[in-house]
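# Notes for the structure review
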Amino acid sequence: MSTRHMDLLIKNGLVVTCDGKRKEYRQRNLTVQDGIIREITEREIPDNRRFRRIIDASGKIIIPGLINAHTHSYVNLTRGLIDTIPMEIWMLYITASGRLLEPEENCISALLGIAEMLRSGTATCIDHLAQSYDGLEASNESVRVERNKGGYGFDDKRQALLSYTSHRFQRCSSKNI
C-alpha cells in the first residue's frame, strides 16, 4: 500500500465476499481508498494514522452494498397512513395519491427513500416511479443532489443528504403532504 492517506480502515470483521465461491474471511481488515476496496488482509495494520476513518467491526459482518431491485419512491410520504385496508384497494389509493404529488414533493419523497436506503446499507436501487414525467424528473433531481455532494467520505455524504432532506421536508411541511 502507498504511504498516502487511505479513506477507510474497517478492522477485525467477518468479510463476506458474495462472490461465486462464497468466501468468508474471519478477523480481517479491509482498506478503502477513493471508494475502491484496496486490500483485505489478516495482518494487523500498524499505522492507523494513515486512515481518515477507522471502524472496529469486531463481532460484525462486512458485506457489499445491498441492492433494492424494486422501490416506488413516491410512496415514502404515505407510508403507514392506510396499512389496514386490503392490498388491492391500497394500491389504487397509493397510485392515485402519487399522481397528486407536486414535483417538489416527489423529490422529497425520493430523498427520504434514499436516506433510508443509505442507512440500511443499500448502494443501488431501481425506482419504479409510475407517475408523471415531472415526478420522474424530480426524483432524478434528488439523486443528482446526492451525487453532487462528491468529495466527502461516505458518512459525510450521508449526513449531507439527511440534512438536505430534512431542510427540504421542513420547507414543504406547510403543504400538509
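The sections below set out a description of the structure shown in this document. Think of each chain on its own: its residues are numbered from 1, step by step along the sequence as written. With the structure being a predicted model, the display of local features is reserved for residues of pLDDT at least 70 and the display and counting of side-chain atom pairs for 80 or more, all residues being used for whole-chain, interface and lining totals. The basis for every side-chain value is the complete set of non-hydrogen atoms in the structure, without hydrogens or water.

This part takes up the overall build of the protein. Every helix listed is a DSSP run of H or I at least four residues long, and every strand listed is a run of E at least two residues long, numbered separately from the N terminus. Tallying secondary structure elements over the protein gives 4 helices and 7 strands in all. Sequence-ordered secondary structure for the protein, helices as α and strands as β, is β-β-β-β-β-β-α-α-β-α-α. Among the 177 residues that make up the protein, the fraction classed as buried is 35%. Contact definition: two residues touch when any of their heavy atoms are within 4.5 Å. Contacts spanning at least 24 positions in sequence make up 69% of the contacts within the protein whose residues lie at least 6 apart. About 11,500 Å² of surface is accessible on the protein, with carbon and sulfur atoms providing 53% of the total. Exposure categories follow from relative accessible area, calculated using a 1.4 Å probe and restricted to protein chains: below 20% of the type maximum is buried, above 50% is exposed, and the middle band is partly exposed. Only the protein chains shown count as cover for residues, and the accessible areas themselves come from Shrake-Rupley with a 1.4 Å probe.

Oppositely charged side chains can pair when the atoms bearing their charge come close. Salt bridges are defined by distance alone: a side-chain nitrogen of Lys or Arg within 4 Å of a carboxyl oxygen of Asp or Glu. Under the defined criterion, the tally for this structure stands at 4 salt bridges. Note that Asp 7 and Arg 52 form a salt bridge whose closest N and O atoms lie 2.7 Å from each other. Taken together, the residues span a long stretch of sequence, with Asp 7 in strand E1 (residues 6–16) and Arg 52 in strand E4 (residues 51–56) at a distance of 45 residues. With relative accessibility at 23%, the residue Asp 7 sits in the partly exposed group. With its nearest N and O atoms 3.7 Å apart, the salt bridge here joins Glu 42 to Arg 28. Within this pair, whereas Glu 42 is found in the loop between strand E3 (36–41) and E4, its partner Arg 28 is found in strand E2 (residues 24–33), the two being separated by 14 residues in sequence. For Glu 42, a relative accessible area of 58% gives the class exposed.

When you line up the elements, Glu 24 lands in strand E2. On the basis of relative accessibility, which here comes to 48%, the residue Glu 24 falls in the partly exposed class. Separated by 37 residues in sequence, Glu 24 and Ile 61 have C-alpha atoms that sit 9.7 Å apart. Apart from residues lying up to four places away in sequence, Glu 24 is in contact with Leu 14, Val 15 and Val 16.

So, about the layout of surface pockets. Cavities and pockets are defined on a 1 Å grid built over the protein atoms alone: a cavity is a set of grid points where a 1.4 Å probe fits but cannot escape, while a pocket is an open set with protein on both sides within 12 Å along at least five of seven lines, and lining residues are those with an atom within 4 Å of any such point. Grid points are joined across faces, edges and corners, and a volume is the space filled by probe spheres set on the points. The space that makes up the second largest pocket amounts to roughly 170 Å³. Three residue categories are used. Nonpolar comprises Ala, Val, Leu, Ile, Met, Phe, Trp, Tyr, Cys and Pro, charged comprises Asp, Glu, Lys and Arg, and polar comprises the others, including Gly. Broken down by class, the residue content of the lining of the second largest pocket amounts to 6 nonpolar, 2 polar and no charged.

The subject of this paragraph is helix H1 (residues 87–99). By this rule the span expected of a helix is its residue count minus one, scaled by 1.5 Å. Taking 1.5 Å of rise per residue, the 13 residues of H1 would be expected to cover 18 Å, and the 18 Å separating its terminal C-alpha atoms lies within 8% of that figure. When we look at burial in H1, the residues that qualify are Ile 94, Ser 97 and Gly 98. End-on, the buried residues of H1 take up no more than an arc of 100 degrees, which puts them together on one face. Those residues of H1 that are exposed and aimed more than 90 degrees away from the buried face are Glu 88, Leu 92 and Arg 99. Arc definition: it is the arc formed by the directions from the helix axis to the C-beta atoms.

For helix H2 (residues 103–119), which comprises 17 residues, the first-to-last C-alpha distance of 24 Å matches the rise-based estimate of 24 Å (1.5 Å per residue) to within 8%. Gly 121 lies just past H2 and shows a positive phi near 95 degrees.

The next subject is unusual backbone geometry. Excluding glycine, a negative phi dihedral is what most residues carry, and trans is how most peptide bonds are arranged. One non-glycine residue, Cys 18, lies in positive phi territory at about 60 degrees. Along the chain, Cys 18 falls in the loop between E1 and E2. The exposure class assigned to Cys 18 is exposed, which follows from its relative accessible area of 54%. A positive phi angle is found at Asp 34, which is not glycine, with a value near 55 degrees. Following the sequence through the fold, Asp 34 ends up in the loop between E2 and E3.

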